[in-house]
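# Structural features, examined
Here are the chains, one letter per residue:
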Amino acid sequence: MSIKVSDHVLQRLREWDVEHVFGYAGDGINGLLAAWGRAENKPEFVQARHEEMAAFEAVGYAKFSGKVGVCAATSGPGAIHLLNGLYDAKLDHVPVVAIVGQTNRSAMGGSYQQEVDLLSLFKDVASEYCEMVTVPEQLPNVIDRAMRTAYAKRTVTAIIIPADVQELDYAAPTHAFKMVPSSLGLADYAPVPADDDIARAADVLNSGEKVAILIGQGARGARAEVEQLADTLGAGVAKALLGKDVLPDDLPYVTGSIGLLGTRPSYEMMRDCDTLLVVGSSFPYTQFLPEFDQARAVQIDHDPFMIGLRYPFEVNLVGDAAGTLKRLLPLLKAKKHGEWRKTVEENTARWWEVMQRRAAVDADPVNPEYVVHALDELLPENVMLAADSGSSANWYARHLRMRGAMRGSLSGTLATMGPGVPYVIGAKFAHPDRPAIAIVGDGAMQMNGMAELITAAKYWRQWQDPRLIVAVLNNHDLNQVTWEMRAMEGAPQFEPSQALPDVRYADFARSIGLGGVRVEEPGGVQDAWRQALAADRPFVIDFRTDPAVPPIPPHADREQAEAVVSAVLHGDSDRDGMIRQGVKAKLQELLPGRRHRADRPGAGDEDDGGNGAEGGDGGDGQDGK
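In short, a report on the structure. (Residues numbered from 1 in each chain as written. Predicted model: local features only at pLDDT ≥ 70, side-chain atom pairs only at ≥ 80, totals over all residues. Heavy atoms only, no water.)

### As for the overall build of the chain
Basically, it comes down to this: Starting at the N terminus, helices and strands are each numbered in turn, a helix being any DSSP run of H or I of at least four residues and a strand any DSSP run of E of at least two. Between buried and exposed lies partly exposed: a residue is buried under 20% and exposed over 50% of the maximum accessible area for its type, with that area taken using a 1.4 Å probe on protein chains only. Any pair of residues with heavy atoms lying within 4.5 Å of one another is described as a contacting pair. Note on areas: Shrake-Rupley with a 1.4 Å probe; residue coverage comes only from the protein chains shown.
Broken down by element type, the chain carries 23 helices and 20 strands. Counting over 625 residues, the chain shows a buried share of 61%. Considering only residue pairs separated by 6 or more positions, the chain has 76% of its internal contacts joining residues 24 or more positions apart. Element-wise, carbon and sulfur atoms account for 51% of the exposed surface of the chain, whose accessible area totals about 23100 Å².

### Looking at the sheet that holds strand E4 (residues 96-102)
Whenever strands of a sheet pair, they do so through backbone hydrogen bonds, lying parallel or antiparallel. The following threshold applies: Note: two strands are recorded as paired if DSSP finds a minimum of 2 bridges between them. Whenever a helix is involved, its axis is fitted only over the stretch in contact; in every case the axis is a line through C-alpha atoms, and angles between N-to-C directions fall within 0 to 180 degrees.
Overall, parallel pairing links the six strands, which are arranged E2-E1-E3-E4-E6-E5 in an open sheet. Either end of the sheet is taken by a strand with one partner, and the two such strands are strand E2 (44-47) and strand E5 (130-132). Averaged over all pairs of adjacent strands, the angle between strand axes in this sheet comes to 25°, irrespective of strand direction. Strand direction decides the pairing type here: E4 and strand E6 (residues 156-162), joined by seven bridges, are parallel. Within E6, the position partnered with Val100 by the bridge is Ile160. With respect to the sheet, helix H2 (residues 30-38) is in contact with strand E1 (20-23), E2, strand E3 (69-73) and E4, its orientation differing from that of E2 by roughly 125°.

### What about the pairing of strand E10 (residues 275-279)?
The buried count for E10 comes to five of five residues, which makes it a mostly enclosed element. Of the two faces of E10, the one carrying Thr275, Leu277 and Val279 and the one carrying Leu276 and Val278 are both buried. Inspection of the sheet shows strand E7 (residues 211-215) paired to E10 by five bridges, in the parallel sense. For Leu214, the partnering residue across the bridge sits in E10 and is Val278. In this sheet, strand E11 (residues 296-301) lies alongside E10 in parallel orientation, the contact comprising five bridges. Counted as the bridge partner of Val278 is Gln299 from E11.

### Side note on the side chain of His20
With respect to the element layout, His20 can be found in strand E1. With relative accessibility at 11%, the residue His20 sits in the buried group. Dropping the residues within four chain positions of it, His20 is found in contact with Pro43, Glu44, Val46, Tyr61, Val70 and Phe429.

### Let's talk about the sheet that holds strand E9 (residues 254-257)
Within the open sheet, the six strands sit side by side as E9-E8-E7-E10-E11-E12. Their pairing is parallel. In this open sheet, the two strands that pair with only one neighbour each are E9 and strand E12 (315-318). Going from strand to strand, the sheet's axes swing by 15° on average, the running direction of each strand aside. Set on the sheet, helix H9 (residues 195-207) makes contact with E7, E10, E11 and E12; between it and E12 the angle comes to about 130°. Against the sheet, helix H12 (residues 321-328) contacts E10, E11 and E12, and its axis sits at roughly 135° relative to E11.

### Focus: the packing of H9 against H12
Keep this limit in mind: Under this scheme an angle from 65 to 115 degrees is roughly perpendicular, one under 35 degrees roughly parallel, and one over 145 degrees roughly antiparallel; angles in between are oblique. A crossing counts as left-handed when the near helix is turned anticlockwise from the far one by less than a right angle, and as right-handed when that turn is clockwise. Classes in brief: Ala, Val, Leu, Ile, Met, Phe, Trp, Tyr, Cys and Pro nonpolar; Asp, Glu, Lys and Arg charged; the others, Gly included, polar.
At a minimum axis separation of 10 Å, H9 and H12 run at an interaxial angle of 70°. One element, H9, and the other, H12, form an angle in the roughly perpendicular class. The hand of the H9/H12 crossing is right-handed. From H9, Asp195, Ile198, Ala201, Ala202 and Leu205 reach across to H12, where they touch Thr324, Arg327 and Leu328. Each residue belonging to the contact of H9 with H12 can be placed in one class, and the counts come to five nonpolar, one polar and two charged.

### Let's talk about the nonpolar core
The cut-off we apply is this: Grouping buried Ala, Val, Leu, Ile, Met, Phe, Trp, Tyr and Cys residues that are joined through side-chain atoms within 4.5 Å yields what is termed a nonpolar core.
The biggest cluster of nonpolar side chains holds 59 residues, and the ones touching the most others in it are Leu86, Val96, Phe122, Met445 and Val470. For this core, the leading source of residues is helix H3 (residues 51-65), giving nine residues. Beyond its immediate stretch of four places on either side in the chain, Met445 contacts Val421, Val440, Met450, Leu453, Val470, Val472 and Tyr505. Counting 39 residues, the second-largest nonpolar core is a separate cluster that includes Leu378, Val525, Trp529 and Leu533.

### Here's the deal with helix H18 (residues 479-489)
Every buried residue of H18 is listed here: Asn479, Gln480, Thr482, Trp483, Met485 and Arg486. Looking one or two places after H18, you find Gly490, whose phi comes out positive at around 65°.

### Some words on the pairing of E7
Heads up, the condition is: When the strands point away from the viewer and the path from the first strand over the helix to the second turns clockwise, the crossover is right-handed.
With five of five residues buried, E7 lies mostly within the body of the structure. As defined by bridge partners, E7 adjoins strand E8 (residues 236-239) across four bridges and the pair is classed as parallel. Bridge pairing in E8 links Ala212 to Gly236. On the question of chirality, the crossover connecting E7 to the parallel E8 by way of helix H10 (residues 223-233) is right-handed.

### Quick look at the pattern of salt bridges
For the record, the criterion: Put simply, a salt bridge is a Lys or Arg side-chain nitrogen that is within 4 Å of an Asp or Glu carboxyl oxygen.
Counted under the stated rule, the structure contains 29 salt bridges. Salt-bridge contacts for Lys90 lead to Asp124; the nearest nitrogen and oxygen are separated by 3.6 Å. Of the two residues, Lys90 is situated in helix H5 (residues 83-91) and Asp124 in the loop between helix H6 (118-121) and E5; the sequence distance between them amounts to 34 residues. Exposure remark for Asp124: the relative accessible area of 41% places this residue in the partly exposed category. Put simply, Asp465 and Arg467 hold a salt bridge, and the shortest N to O gap is 2.9 Å. Beyond isolated ion pairs, a larger network of salt bridges with shared partners links Asp376, Glu381, Arg401 and Arg403.

Written out as structure tokens, the structure reads:
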């Protein structure tokens, strides 16, 4: 019995162990949709509200599962809508395959309805592999190469299938001239550097007295080796944001995130080290790394294209993180955990004290730092976390401590708005037995998060653990850009572009059958988190937060301070709040002997003082660095 091309496409996806395809319907993929009906919806077609959200869900699925995420869209506008999510995948080095329709071959070149040159459109985002199927015999090779390339290069690939080709009878490639047969599967491999390069790297690391390690998501499979490495070298470990979940934060030498959204101890460690080892990261912000003449440096990355970036490394090791470290460790000389390691650990401990006090500062009406800090101790050990771009990423980076099997991610390199909610939806399809939490701003929630709650409402009953929590930091402001205008431009808040209308997000959630609560005073924060974590369905918490709480970077310089003062002098609409919250925030770094517990702002007990500030964003490079 003959099958159509569309039937074979789904069959081949199943053979590649694809269980979900995130998409939206359109007549350019009608043949595929009909095939889904014949295949009893296997792989499962997950209907998003918008093609961009389908792409983000595929990215979230890939980030939290380690498998290729697959998304599908119709020709023309559907394909165009995928692009932002696909670029998010490409820049964060996440394997995603896009399957898109196209107008009939007979109409191509005729300025037909929804005719877009898709090969040109996807030329950049799917630069490693983008192919249009014009005859059945091109399959299964095109699907196999798209899947294999996405996996092997951790990137985006695209398959374009004209509508009429979807309806053709499938014919396999034959044993003939100009036919290209194919095979399934991707062989595991773990490249390691040459022995001479390993020895040179060991010499550099052995010679250092103050070693700093920076890890990204490329080190995710090397947690045990990184822990042994830090112990052997007496080193501290900082993390790029995409590698936030690689190493637990309850290890005393883990300084937390690095960069504009990062921590003071990470900044201090890079400022003072004499040796740097970067594993699985291409963190882009050079100003947060040591001075170029300060430290001898080694980089480990499995992709030779990403090696040697960001810093004048003395030794570059191209290899799998775990395999390379296993060969490097026997050559390293154990260092005494002396003054350097003690300083790293003390700075880190003080930082968490400062974060606790910062969370306890009163605000109007609720301190966003308190909202996220209060969640920290309540996090389930197997939670999946996502933060949207904006000020929510600041608080995610600084206040949530990864431990156990926790996973977390955000849009690291593209830093696009809007992936928070679709990320956790994709994560729930990857691990339906685990809870998921998204921390998003009201700007992102209004942009697309509210609509995507409808997707959660449609599917949550098929998840073993129904908990999907969306926490909205509702401050009526596009807050990150507002603060960037103040600090970088010296410009006051421009309300026509920055002010957002108030929306009752929890009310909307309840209107579509989900749970929800609005919190307008700090006393309700912990109860809201506990209610959401105990809910029997997805839950939205609408936190009314103060936009005047400043995201102070760890190295705020004089120019930035003068710029903020300029914004005040030029009549910033929230200047009183800025001054009030800025002073209170900075005082928490300077006041000794007051330690506020984060169960409620203002309550505290005596302890050591702190020295801290905040820090930054940073994308990671290939292999998810």
